[in-house]
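One-letter residues, chain by chain:
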Amino acid sequence: MSTILFELGCEELPPKSLKPLRDALQASVTEQLTAADITFDSIKAFAAPRRLAIQIQGISDKQPDRTEQKRGPAIKAAFDAEGNPTRAAMGFAKGLGIEASELTTINTDKGDYVGFEQTIRGQATTELLPAIFQTALDNLPIAKRMRSGASRNEFVRPVQWAVLMQDDTVIDATIQGHQTGTQTRGHRFHSPDYHNIAHANDYEELLSGLKVVADFDKRQMLIKNQVKALADEVNSDAIVPQDLLDEVTALVDFPIALRASFEARFLQVPQEALISTMQADQKYFCLTDKTGKLQPYFIFITNIESKDPNQIIEGNEKVVRPRLADAEFFFLQDQKQPLFALTESLKNRVFQDKLGTIWEKSERIAKLAAFIATLMQQQGHDINVDETVRAGILSKADLASSLVGEYPELQGIAGTYYARLNDEPEAVAASLEEQYLPKFSGDVLPQTPIGICLALADRLDTLVGIFAIDQAPTGSKDPFSLRRSAIGILRILIEKQLPINLVALVEQAIKGYSDAEGSKIAKMGDTFTQVMAFLNSRYRAMYTEQGVSVDTIQAVQAINPHMPLDFDQRIRAVQAFSELSQASMLADSNKRVANILAKSEVSVADTVDEALLSESAEQNLYANVQQAQTVVQPLLEQADYTQVLQTLASLDEPLTQFFDQVMVNSEDAALKNNRLALLKQVRALFLTVADISELQL
């Protein structure tokens, strides 16, 4: 057992790709070693700005020997009548490099054959490793590879050196056009020369002395700890998004955190704009107080251990000041006119060529949001319809602002700031930011009633419009993010406990595209059908992400509920039902009932003639069905589907007895039709919640 070290030294690797490259390299090497039957105790990947490395400890010296059985022609074809080998047998033996006399007999179910067992010697690990590492490098997820100088070898960045060692010995190979050796480089500035690696086990410790923390995760933890310590000194919390942390970790070999400051006057600018520019442009970690309010400090990570850190701090303060001043300028410039005045320019901005301007979209959002607000009012929600209309009209106004023009990610957020400065009602102002929620899977939902209305209206309007012009998502292409919008609609209606029918919402959204000159939607009926089908198809993606089984989703989809909240309640009921001991039998019985009814050549009656119930088992089932109908009716009115299915579980035994003792397809047509009517009532009871026959229990 020994230790293998592989290192590829490059010019600075792309920071956003460094962590994925590290993970892909380790995964590929691990997979290839396993496929080659080479054992090892541990494997660790390293990644720093100028290197990718793999250290494998306790690796076996060679593949294990294996025995391989080769089967040749049948005995009858291998030997003639005198027992001499035929040309077929001799040809088979020659191909294996043996004499025909060395062939053995292999007995199989299909007859006897000649054969030979040979031992395949395992290759030395050192012979296999160069190809394994080169293959791993070739398979890395690199969008665009480059060549350096006259070299024909391609990689994400020019390669400078390659290390491949077994313990203290070089494994001679050429990787990415470079001869392998034992020399690595340290920090570009603190230790730029080549340094010899005495042993593969010394790698991480050696680089640490050369001012390189090669372990990506360890380097990241150093950054997090330093940032927290500096933030604590000013009683603040650091904003540390994982993507930014990964990128900063990939930019430095030897992280040193420093804290700087900026003028407090910039805090009058929306803090989201300041945070955006400091994070995206400068890779800074911003600080907030305990309530989330931005503080006039930022923390940055430098890659050198400076003798005079104050100079670095002052330099970063000089660099960030113009960027914050730009944000301040845009913010003040926008305030020279009220938010509503910005809507005028929306009349010349196209939302979509066939669907009109952004102003027209705002008008449609206002009308649809008012419709939703009225429904919510009727359900007891405290919401002002006039304010909802006002919010709809202002919903896209900030798209014409200078601030959003510079920082597109602030759409909605900027509108909220400007609305408050214009003394718009707080409910209106807050909704302008909330209309874009949720922005991604698992994101928070809008909290205010008007925000909910705008979020639903905006998504529904886009969904209907894009389907109407035949731009529905295809395959992986979804330029208007309609799949995300559809799931957002379903989440809002479900998680906000809004019993609103999708049919009403989609119909109203389609009507919004009509005016005095007609409708922008040529085929309203087709558009309605397609949008409803698309929304219903999103249930599966949403619930499977939550761990709900596909058959449970299909059981509810089979009865096509149009109210997302109702759909969710049925899903939860079926999940609870699936845990019951009777569930499997009842699911099978429902399948049987469904098949029997489907094969019926006559129309099955809705009512049962009690006088024709001649068998005790069918009389018992009928009595239980009657009782269940009585109990279930008020539960359905309360949408207590879980209790409905709990009640119907009592039909387990009566149904079993019925199928065991009663012949449904009786020769007596009256008896047969009456029994079918009884089964139809059983089926109808379960279909009040879901199609239980879809369950795979």
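These lines cover the structure that appears in this document, whether it is placed above or below. (Residues numbered from 1 in each chain as written. Predicted model: local features only at pLDDT ≥ 70, side-chain atom pairs only at ≥ 80, totals over all residues. Heavy atoms only, no water.)

## Thoughts on the overall build of the protein chain
Right, on to step 1. Summing up its helical and strand segments, the protein chain has 26 helices and 22 strands in all.
Right, on to step 2. Compactness check: the protein chain gives a C-alpha radius of gyration of 36 Å against a globular reference of 26 Å for 697 residues, more than 25% above the reference.
Right, on to step 3. With respect to the three principal axes, the spread of C-alpha positions in the protein chain is 105 × 95 × 50 Å.
Right, on to step 4. Sequence-distant contacts, at least 24 apart, represent 68% of the contacts inside the protein chain between residues at least 6 apart.
Right, on to step 5. Carbon together with sulfur atoms contributes 48% to the accessible area of the protein chain, which is approximately 32,900 Å² in total. (Helix = DSSP H or I, 4+ residues; strand = E, 2+ residues; numbered from the N terminus. Rg over C-alpha atoms; globule rule 2.2 N^0.38 Å. Contact = heavy atoms within 4.5 Å. Areas by Shrake-Rupley, 256 points an atom, 1.4 Å probe, with all protein chains shown as cover.)

## Quick word on the packing of helix α6 (residues 216-233) against helix α7 (residues 242-251)
Right, on to step 1. It is at 9 Å that the axes of α6 and α7 come closest, and there the two elements cross at 110°. The angle between α6 and α7 places the two elements in the roughly perpendicular class. Along this stretch, α6 crosses α7, giving a crossing that reads as right-handed. Where α6 approaches α7, its residues F216, R219, Q220, I223 and K224 are matched on the opposing element by Q242, L245, D246, V248, T249 and A250.
Right, on to step 2. Across the contact of α6 with α7, the residue classes tally to 5 nonpolar, 3 polar and 3 charged. (Axes fitted to C-alpha atoms, helices over the stretch in contact; angles between N-to-C directions. Parallel < 35°, antiparallel > 145°, perpendicular 65-115°, else oblique. Left-handed = near helix turned anticlockwise from the far one by under 90°. Nonpolar A, V, L, I, M, F, W, Y, C, P; charged D, E, K, R; others polar.)

## Considering the side chain of E424
Right, on to step 1. Residue placement: E424 occurs in the loop between α14 (413-421) and α15 (426-434).
Right, on to step 2. Classification of E424 as buried rests on a relative accessible area of 15%.
Right, on to step 3. A polar atom in the side chain of E424 sits 2.7 Å from the side chain of R390. (Buried < 20%, exposed > 50% of the residue type's maximum accessible area, 1.4 Å probe, protein only. Polar contact = N/O pair within 3.5 Å; in protein donor to acceptor, adjacent residues only side chain to side chain.)

## Here we look at helix α3 (residues 87-96)
Right, on to step 1. Those residues of α3 that fall on the buried side of the exposure criterion are A89, F92 and A93. Down the axis of α3, the buried side of the element spans an arc of 95°, and every buried residue falls inside it. Counted as exposed and oriented over 90 degrees from the buried face of α3: R87, K94 and G95.
Right, on to step 2. Looking one or two places after α3, you find G97, whose phi comes out positive at around 80°. (Arc of directions from axis to C-beta.)

## Focus on helix α11 (residues 358-378)
Right, on to step 1. Taking 1.5 Å of rise per residue, 21 residues should cover 30 Å, and α11 covers 30 Å from first to last C-alpha, within 8% of that figure.
Right, on to step 2. Of the residues flanking the end of α11, it is G380, one or two places downstream, whose phi is positive at about 95°. (Expected span 1.5 Å × (residues − 1).)

## Focus on the nonpolar core
Right, on to step 1. Formed by 138 residues in total, the largest nonpolar core has its most connected members in M278, I372, L403, L502, Y543, L645 and L648.
Right, on to step 2. The element contributing the most residues to this core is helix α16 (residues 449-468), with 13 residues.
Right, on to step 3. A36, L137, L140 and L164 belong to the second-largest nonpolar core, a separate cluster that totals 37 residues. (Core = buried A, V, L, I, M, F, W, Y, C linked by side-chain atoms within 4.5 Å.)

## Things to note about the sheet that holds strand β15 (residues 237-238)
Right, on to step 1. Pairing is antiparallel in the open sheet, where 4 strands are placed in the order β15-β17-β18-β16. Pairing within the sheet leaves two strands with one partner each, and these edge strands are β15 and β16 (256-261).
Right, on to step 2. Relative to strand β17 (residues 285-288), β15 is paired through 2 bridges, and the arrangement is antiparallel. For A238, the partnering residue across the bridge sits in β17 and is L287.
Right, on to step 3. Strands β17 and β18 (294-302) of the sheet are contacted by helix α8 (residues 271-280), whose axis makes an angle of about 5° with β18. (Pairing = 2+ DSSP bridges.)

## Considering the environment of K70
Right, on to step 1. Its place among the elements puts K70 in strand β4 (residues 66-74).
Right, on to step 2. Linking K70 and V464, residues 394 residues apart in sequence, is a C-alpha distance of 65 Å.

## Some points on the layout of surface pockets
Right, on to step 1. In this structure, the largest pocket spans a volume of roughly 550 Å³.
Right, on to step 2. Lining the largest pocket we find 18 residues, and of these Y436, D458, T462, F480 and S485 sit closest to its centre.
Right, on to step 3. Taken together, the elements giving at least two residues each to the lining of the largest pocket come down to α11, α16 and α17 (482-495).
Right, on to step 4. With 3 residues, α16 is the single largest residue contributor to the lining of the largest pocket. (1 Å grid on protein atoms, 1.4 Å probe; cavity = no way out; pocket = protein on both sides within 12 Å on 5 of 7 lines; lining within 4 Å. Points joined across faces, edges and corners; volume = space filled by probe spheres on them.)

Interpretation in functional terms is not warranted from these geometric data alone.
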